[in-house]
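Fold and contact review
Letter by letter, the chains look like this.
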Amino acid sequence: MPGMGIVVACSLAVGYVCGSFLTAELVSKHVSGKSAFDVGMGNPGMANIGATYGTGWAAVTLAGDIAKTILAFVLARALFPSAADAAGTAAAVGATLGHVFPAWHRFRGGKGVATTCAGIILVAPPAGGIAALAGLLVVLFGGYLCLGALVIPAVWLAIELVFGNIVHVVAGVVLVAVAIWCHGGPAAGIRTGETPRASISEKFISALFMKRH
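Residues numbered from 1 in each chain as written. Predicted model: local features only at pLDDT ≥ 70, side-chain atom pairs only at ≥ 80, totals over all residues. Heavy atoms only, no water.

**Focus on the side chain of His99**
When you line up the elements, His99 lands in helix H5 (residues 84–100). Residue class for His99 comes out buried when judged on its relative accessible area of 3%. Excluding residues that lie within four positions of it along the chain, His99 makes contacts with Gly19, Ser20, Leu22, Pro44, Asp65, Lys68, Gly109, Gly110, Lys111, Gly112 and Thr115. (Helix = DSSP H or I, 4+ residues; strand = E, 2+ residues; numbered from the N terminus. Buried < 20%, exposed > 50% of the residue type's maximum accessible area, 1.4 Å probe, protein only. Contact = heavy atoms within 4.5 Å.)

Spelled out as structure tokens, the structure:
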């Protein structure tokens, strides 16, 4: 069995390479011939693709981002079956790092929400599912995508701290740091009114209000 450092490094590399494939870029080029960096908000992610080309293409982008995370996870575990948990966890983190910091685009990529959710659910399904649900509820009732994006890795980290899996805890710390890097600015902009409310939240609250009345 190779040393744990080699397992983690190689698995991170596998995840990074897979994550660096930006589904939004492929979708945008297919639909309009333009780079995802040159349309809408300039972010190569599901939200920008949905706002620019519609929910159908947003779903395609989401599916691609989930698929590349799964691919990284499966490949790493297959390469290091004797250290499958560490390999899969490192690959999941690597997929988010590749998505957010792709070397081919001067380390400027997407926001990493889909890859983070997919990764933590693959690594620890119950904890990951709870964290993803918590993030969704924060978006629906809180009104801001950035808050949900920050809550997801934070809740997962809190759960893993309780269970004491050191590999998962380290991964959680990295994912929280990446989330703060990507979403800390928009979260700070809520107080000044610079960050817009999420349309999905407004629709949800309106529908909820109409049901009650």
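The structure having been displayed, the exposition proceeds.
**Describing the layout of surface pockets**
Rolling a probe over the atoms, with the probe sized like a water molecule, indicates the empty space that remains. Considered as a void within the structure, the largest pocket measures approximately 1400 Å³ in volume. Lining the largest pocket are 43 residues, and of these Met46, Ala47, Val113, Leu145 and Ala198 sit closest to its centre. Of all elements in the fold, only helix H3 (46–53), helix H4 (55–79), helix H6 (113–123), helix H7 (125–142), helix H8 (145–163), helix H9 (166–192) and helix H10 (199–212) reach the threshold of two or more residues within the lining of the largest pocket. A class-by-class count of the residues in the lining of the largest pocket yields 27 nonpolar, 12 polar and four charged. As a volume, the second largest pocket reaches approximately 160 Å³. Where the lining of the second largest pocket is concerned, the elements lending two or more residues are helix H1 (4–19), H5 and H9. (1 Å grid on protein atoms, 1.4 Å probe; cavity = no way out; pocket = protein on both sides within 12 Å on 5 of 7 lines; lining within 4 Å. Points joined across faces, edges and corners; volume = space filled by probe spheres on them. Nonpolar A, V, L, I, M, F, W, Y, C, P; charged D, E, K, R; others polar.)

**Structural notes on unusual backbone geometry**
Here the phi dihedral of Arg106 falls at roughly 55 degrees; this positive angle occurs in a residue that is not glycine. Its identity is not glycine, yet Phe107 carries a phi of approximately 60 degrees, on the positive side. When you line up the elements, Phe107 lands in the loop between H5 and H6.

**Side note on the pattern of salt bridges**
The tally for this structure, following the rule as stated, stands at two salt bridges. Linking Lys29 and Glu25 is a salt bridge whose minimum nitrogen-to-oxygen distance equals 3.6 Å. One end of the pair, Lys29, and the other, Glu25, are both in helix H2 (residues 23–32), four residues apart, so they sit about a helical turn from each other. Using a relative accessible area of 12% as the deciding quantity, one classes Glu25 as buried. For the salt bridge of Asp65 with Lys68, the shortest nitrogen-to-oxygen distance reads 3.5 Å. Here Asp65 pairs with Lys68, and both are found in helix H4, just three residues apart, close to one helical turn. Take Asp65 and Lys68: they sit in the same class, and that class is buried. (Salt bridge = Lys/Arg side-chain N within 4 Å of Asp/Glu carboxyl O.)

**Notes on the nonpolar core**
For soluble globular proteins, the rule of thumb is that nonpolar side chains tend to be buried together. With 15 residues, the main nonpolar core has Ile120, Val123 and Trp156 as its most contacted residues. Looking at this core, the elements that each hand over two or more residues are H5, H6, H7, H8 and H9. Not counting residues within four places of it along the chain, the set of residues in contact with Trp156 comprises Ile120, Val123, Ala124, Ala127, Gly128, Ala131, His168, Ala171, Gly172 and Leu175. Ala72, Phe80, Ala87 and Ala95 belong to the second-largest nonpolar core, a separate cluster that totals nine residues. (Core = buried A, V, L, I, M, F, W, Y, C linked by side-chain atoms within 4.5 Å.)

**Focus: empty space enclosed by the protein**
Tallied over the full model, the rule gives two cavities of 30 Å³ or more. For the largest cavity, the calculated volume is near 70 Å³. Gly112, Val113, Thr116, Ala149 and Ala179 are the residues nearest the centre of the largest cavity, which is lined by 13 residues in total. At the level of secondary structure, the elements contributing two or more residues to the lining of the largest cavity comprise H6, H8 and H9. Broken down by element, the residue count for the lining of the largest cavity peaks at four residues, all from H9. When its residues are assigned to classes, the lining of the largest cavity shows eight nonpolar, four polar and one charged. Reported here for the second largest cavity is a volume of approximately 50 Å³. If you go around the second largest cavity, the residues you meet are Thr89, Ala92, Val93, Thr96, Thr115, Thr116, Gly119, Ile120, Val123, Trp156, Ala171 and Leu175. Listed by contribution, the elements that provide at least two residues to the lining of the second largest cavity are H5, H6 and H9. Tallying contributions element by element places H6 first for the lining of the second largest cavity, with five residues.

Without other data, these values stay purely geometric and don't point to any function.
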